Amino acid sequence: MEKFLTDFQVNKHASDEARRRWRSAVTIVRNPCRRFRMVADLDKRTEVENKRRRIQEKIRVVLYVQKAALHFMDAAGPLEYKLSEEVRNANFGIDPEDLASIVRGHDIKRLNLHGGAEGIARKVSVSLNEGVRSCNLATRQTTYGLNHFTEKAPRSFLMFVWEALQDLTLIILIICAVVSISVGIATEGWPKGMYDGLGIILSIFLVVLVAAISDYKQSLQFRDLDKEKKKIIVQVTRDGSRQKIPIYNLVVGDVVHLAIGDQVPADGVLISGYSLLVDESSLTGEVDPVSINEEHPFLSSGTKVRDGSGKMLVTGVGMRTEWGKLMETLSEDGDDETPLQVKLNGVATIIGKIGLSFAVLTFLVLTVRFLVEKALKNEFTHWSSSDALTLLDYFATAVTIIVVAVPEGLPLAVTLSLAFAMKKLMNDRALVRHLSACETMGSASCICTDKTGTLTTNHMVVERIWICNKVQDISGNESKSNYELEISERALSILLQAIFQNTSGEVVKEKEGKNSVVGTPTESALLEFGLLLGGDHDAQQGQFKILKVEPFSSDRKKMSVLVAFPESGVRAFCKGASEIVLKMCDNVVGHNGEPIVLTEELVKKTMHIINGFAHAALRTLCLAYKDLDANASADDIPDSGYTLIAVVGIKDPVRPGVKEAVRTCLAAGITVRMVTGDNINTAKAIAKECGILTHNDNAIEGPEFRKKSLDEMREIIPKIQVVARSSPSDKLTLVTHLRNMFGEVVAVTGDGTNDAPALHQSDIGLAMGIAGTEVAKESADVVIMDDNFSTIVNVAKWGRAVYINIQKFVQFQLTVNVVALVINFASACISGSVPLTAVQLLWVNMIMDTLGALALATEPPNDELMKRPPVAKGASFITKAMWRNIIGQSIYQLIVLGILNFDGKRLLRLTGSDATKVLDTMIFNSFVFCQVFNEINSRDIERINIFKGMFDSWIFLGVMVTTVAFQAIIVEFLGTFANTVPLSWQLWLLSIAIGSVSMVMGVILKCIPVESTLKPRHHDGYEALASGPHAA
């Protein structure tokens, strides 16, 4: 079948042309509203993008006009503002719209007239040091608004009912039913004449209701997912302490802390900052980052921090920001369709064409036979209302065959399965941002993972320090309130300055009065170490004036700061990757704290210390300083001539369970590669502990890697297990080559702003929820909320479960399709009647469609899934094993049902006037039980033991019980509407026995080998794991 599906192939990076191609190839659709609900409308998306550009252009023009107008404004006197009664009663000194317009218009003159950030803070009754008081949050929200955007109202349940009713075949059947009731009452009277038509209407009502309930529940799951996606945590100062709050709780007056990769959560003005660069492209379309400083202090909601750090005062929230207005104007345009959805749309189209042909042929055969019989009886010119009802019944049956034959549920089953998987993954601390990622992760053959926080706990402590030519062990003393290093006072003073001055973290007082450290794990470890040595963070911060800061980035691998002494003089501090900072040093702090020349011998000794720390799996940092003249420029921080203060060894233990998770990946045919910015020896030590590194030669440093030619990369990449001292560009290069050279399906983890290109380029981008920046999260497909590698493995397991569950459902549905089509067509050709009526076929359609998807597409993953290789790119979705099961089960069911249809009366010894109805009911009952037992069979495509885990899946059991119970009700009590008669207990047992033989057939079929005996070899050299019944 794969050769017919060439138009039905997309991936993460598919073009709009490819997406339009498969849409145009879907020619047979019963209900486009329902089928394509979760598929992006490309025309609407183009329209939205054009609308976005127009709005961005409008914002940009307005800003330019306002900036130009400011040059011609008369600043002779302060502006007068009339305060509203509400604002005055709330004790605020500026109206919400006036305040918001200052930032929206980038009006620096009005800002200065209000007294700058300090003046605005006074007018919104807030201290820039203490922040907002929690007791008046409600007043602020009432006066200045909530930080929420106007969103489209969610669709009600009745909308889903209406959508399910848009099915063309169901509409035709409703018309047929109405005609049938009208003609039936006219000929047979009330109420007998309405039963056939009413039966169809009730069946349609049930089908629509079940479909609407299923779709509505999915929409609730996706709504929860959307809420989770929009959750952003921001750091603010409130009640005098630094704390984290959700973005929606932000109010005007909040003091927000910004760092690289953060999204600006509201409109505001800069309080203080260093080297702050903001990317405003999402708002204005401008590509070049904007520098935020005293001359240009305005920060707009929705923009991203490209570099630097700072604090801002919130002046506008929610719909009083340009971002809020932009979000209101632009509605959601849908998620991109997943590869499986597209492929199954193709399968549904092919089967639909076949089914449509069978339906037309069945109608033609029945009609021709009817006309021939009338001609043979010389009744061709005599027509009655019963003849019209017979033809109408034939037409209704043909339309119902189309309902069964066009497997509308195939692509919808993918959505159902993904919704279920994403809900479960959210509970397991993985937030799936794009539908396709959950599915693609099941095919991942390689994971390129960070070290810090993903493989390790990200809870760092300083364990060793080399200072004044001496290694001192800190481990075991962390719990003490004070610790004394064996160094001079001068050396200690310089060390504490380096720790407390050159930091992006903070030491804040908690409500209980205790010190609490806020910042990255590395910063926290150093600050806690400084406090352990008796340092005073506030005193240090107050003693020096910071002139310039170069924040740490994954490109620079160092952080530098320039500070001014209280009296005179300037000092630069630098810390970062050991090898980089060491090369910047000419001197080293001696025993008495005075700098001594860093000789070649001392450099070798220092490198030996660094490597010793690294071999002990410690993260190494060098701290250095340089004294400058008082006249030194405050714009440039030197890159050489430093004095080395210390080498610090920071412990970051491997997470519990990581080694087992890596082992699980390797058993599942997934190669794990560590890509880290750490020292190569630290990386090797951690990689060995995790079970990633098998040989020292399989590790390489980033600078060496990027020098390799394409041919050299083609040779070494399969062997690489660790890339140390890597930059984001190295990660991008590795990902690109793995995908393009070796056809790998690559998952990549990232947390920094510069990881965004690699996350986007990969097949599955995995951003860290705790350490990750908002920029990284926006570029990712999945957010790992707990930053844990084991969670990544869980995502892979669920991805495989989605794929295999859809395969199970397809196998089950195609079997029902084949049997229902062939038995009705063959019976029409041979006997001139069909054993399965319209009402019965609608019930069968519900069993195989909505209920079948619910039972098979929502099965939870099992450990066996991670003992088989990943699905290869381009692999056939409907495997040979599936075709074997479909054909084998179809042949069995057709033989049994065919025998019953053509010789059932004799075999079952049925006599009397109702013998035909009893036989038809028996065929219907046996057919349904064949599907029930085949549904159990479909729980595993290859293994014989189909009961494993079945009793843990309450959804599957619930569907089975519901199907059997409702089948009994239809047969025993609803015969008037469903054209059935009650069966004896012997015939019930026989129906169940006929169905249960499907399970015996399943065992026999699974013993028939169908797959190639040749094992595919992975490009890394290992053999793919065996699969099939022999591997069970």
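Above this text you will find the structure in question.
Residues numbered from 1 in each chain as written. Predicted model: local features only at pLDDT ≥ 70, side-chain atom pairs only at ≥ 80, totals over all residues. Heavy atoms only, no water.

## A few points about the overall build of the chain
Stage number 1. The helix and strand inventory of the chain stands at 36 helices and 26 strands.
Stage number 2. Overall size of the chain, expressed as C-alpha extent along the three principal axes, is 120 × 75 × 50 Å.
Stage number 3. Sequence-distant contacts, at least 24 apart, represent 73% of the contacts inside the chain between residues at least 6 apart.
Stage number 4. Looking at the chain as shown, the accessible area adds up to about 43500 Å², and 57% of this sits on carbon and sulfur atoms. (Helix = DSSP H or I, 4+ residues; strand = E, 2+ residues; numbered from the N terminus. Contact = heavy atoms within 4.5 Å. Areas by Shrake-Rupley, 256 points an atom, 1.4 Å probe, with all protein chains shown as cover.)

## Focus on the sheet that holds strand β9 (residues 446–449)
Stage number 1. Ordered in space as β8-β26-β25-β24-β9-β21-β23-β22, the 8 strands form an open sheet in which the pairing is mixed. Strand pairing shows two members of the sheet lacking a second neighbour, β8 (430–432) and β22 (699–701), which therefore form its edges. Ignoring strand direction, the axes of neighbouring strands in this sheet form an average angle of 20 degrees.
Stage number 2. In this sheet, strand β23 (residues 722–724) lies alongside strand β21 (residues 671–675) in parallel orientation, the contact comprising 2 bridges. From the neighbouring strand, Val675 faces β23, where its bridge partner is Val723. (Pairing = 2+ DSSP bridges. Axes fitted to C-alpha atoms, helices over the stretch in contact; angles between N-to-C directions.)

## Thoughts on the packing of aromatic side chains
Stage number 1. Evaluated as defined, the whole model comprises 11 aromatic pairs.
Stage number 2. Ring centres of Phe160 and Tyr216 lie 5.8 Å apart, and the angle between their planes is 65 degrees; this geometry places the pair in the edge-to-face category. Of this pair, Phe160 sits in helix α9 (residues 157–164) while Tyr216 is found in helix α11 (residues 195–229), placing the two residues 56 residues apart along the sequence.
Stage number 3. Here Phe160 falls in the buried class, since its relative accessible area comes to 2%.
Stage number 4. A relative accessible area of 25% means that Tyr216 is categorised as partly exposed.
Stage number 5. Summarising the aromatic geometry, the rings of Tyr803 and Phe877 are spaced 5.4 Å apart at their centres and angled 80 degrees between planes, so their arrangement reads as edge-to-face. Of this pair, Tyr803 sits in helix α30 (residues 789–831) while Phe877 is found in the loop between α31 (838–856) and α32 (880–908), placing the two residues 74 residues apart along the sequence. (Phe/Tyr/Trp six-rings, centres within 6.5 Å; stacked < 30°, edge-to-face > 60°. Buried < 20%, exposed > 50% of the residue type's maximum accessible area, 1.4 Å probe, protein only.)

## Some points on the pattern of salt bridges
Stage number 1. Under the defined criterion, the tally for this structure stands at 38 salt bridges.
Stage number 2. Measuring nitrogen to oxygen at the nearest pair gives 3.7 Å for the salt bridge that ties Asp279 to Arg306. Placement of the pair is Asp279 in strand β4 (residues 267–279) and Arg306 in strand β7 (residues 304–316), with a sequence separation of 27 residues.
Stage number 3. The salt bridge involving Arg706 is made with Asp730; its shortest N-O contact spans 2.6 Å. Residue Arg706 is located in helix α25 (residues 702–707), and its partner Asp730 is located in helix α27 (residues 728–742); the two are separated by 24 residues in the primary sequence.
Stage number 4. For Arg706, a relative accessible area of 43% gives the class partly exposed.
Stage number 5. The exposure class assigned to Asp730 is buried, which follows from its relative accessible area of 2%. (Salt bridge = Lys/Arg side-chain N within 4 Å of Asp/Glu carboxyl O.)

## Points about α31
For an α-helix, the turn length of 3.6 residues means that residues three or four places apart are oriented alike.
Stage number 1. Its 19 residues give α31 an end-to-end C-alpha distance of 25 Å, which sits within 8% of 27 Å, the value for a rise of 1.5 Å per residue.
Stage number 2. Of all the bends in α31, the greatest measures close to 30 degrees and is centred on Thr850.
Stage number 3. Within α31, 18 of the 19 residues are buried, which leaves it mostly tucked inside the rest of the structure. (Expected span 1.5 Å × (residues − 1). Bend = angle between axes of the 7 residues up to and from the residue.)

## Points about the packing of helix α22 (residues 600–615) against helix α24 (residues 680–690)
Stage number 1. At a closest axis distance of 7 Å, the pairing of α22 and α24 adopts a crossing angle of 15 degrees. With respect to α24, the axis of α22 lies roughly parallel. Classified by chirality, the crossing of α24 by α22 is right-handed. Contacts between α22 and α24 involve Asn611, Ala614 and His615 on the former and, on the latter, Asn681, Thr682 and Ala685. (Parallel < 35°, antiparallel > 145°, perpendicular 65-115°, else oblique. Left-handed = near helix turned anticlockwise from the far one by under 90°.)

## Quick look at the nonpolar core
Stage number 1. Ranked by size, the top nonpolar core spans 160 residues in total, and within it Leu173, Met441, Ile764, Phe789, Ile806 and Val810 carry the most contacts.
Stage number 2. Here the element with the most residues in this core is α30; it accounts for 20 residues.
Stage number 3. If we ignore the near neighbours within four places in the chain, the residues touching Met441 are Ile447, Ala747, Ile764, Leu766, Ile792, Val795 and Ala796.
Stage number 4. Of all hydrophobic cores here, the second largest spans 42 residues; its members include Val132, Tyr144, Leu250 and Val317. (Core = buried A, V, L, I, M, F, W, Y, C linked by side-chain atoms within 4.5 Å.)

## Focus on the environment of Phe298
Stage number 1. Relative to the assigned elements, Phe298 resides in strand β6 (residues 298–299).
Stage number 2. Judged by its relative accessible area of 1%, Phe298 falls in the buried class.
Stage number 3. Considering only alpha carbons, one finds Phe298 and Leu313, 15 residues apart in sequence, at a separation of 9.8 Å.
Stage number 4. Once residues lying within four places of it in the same chain are set aside, the contact partners of Phe298 are Ile102, Val103, His106, Asp107, Ile108, Leu111, Gly268, Val269 and Ile292.

## Looking at the side chain of Ser762
Stage number 1. Tracing the chain through its elements places Ser762 in the loop between α28 (756–761) and β25 (764–768).
Stage number 2. A residue is classified by how much of its surface remains accessible, and Ser762, at 0% relative accessible area, is buried.
Stage number 3. Of note is the side chain of Ser762, whose polar atom sits 3.4 Å from the backbone nitrogen of Gly765. (Polar contact = N/O pair within 3.5 Å; in protein donor to acceptor, adjacent residues only side chain to side chain.)

## Remarks on the packing of helix α18 (residues 489–501) against helix α19 (residues 521–532)
Stage number 1. One way to put it is that α18 packs onto α19 with a least axis distance of 9 Å and a crossing angle of 140 degrees. In this view, α18 runs oblique relative to α19, as classed from their interaxial angle. The element α18 and its partner α19 pack so that their crossing is left-handed. Counting all contacts with α18, which are made through Leu495, Leu496, Ile499 and Phe500, the residues of α19 involved are Leu526, Leu527, Phe529, Gly530 and Leu531.
Stage number 2. In terms of residue class, the contact of α18 with α19 is built from 8 nonpolar, 1 polar and no charged. (Nonpolar A, V, L, I, M, F, W, Y, C, P; charged D, E, K, R; others polar.)

## Considering a nonpolar patch on the surface
Stage number 1. On the surface, Trp883, Ile887, Ile891, Ile895, Ile899 and Leu907 cluster together into a nonpolar patch covering about 540 Å² of accessible area.
Stage number 2. Inspection of the secondary structure puts Ile895 in helix α32. (Patch = residues over 30% accessible without salt bridge, like charges linked within 9 Å, V, L, I, M, F, W, Y side chains within 5 Å.)

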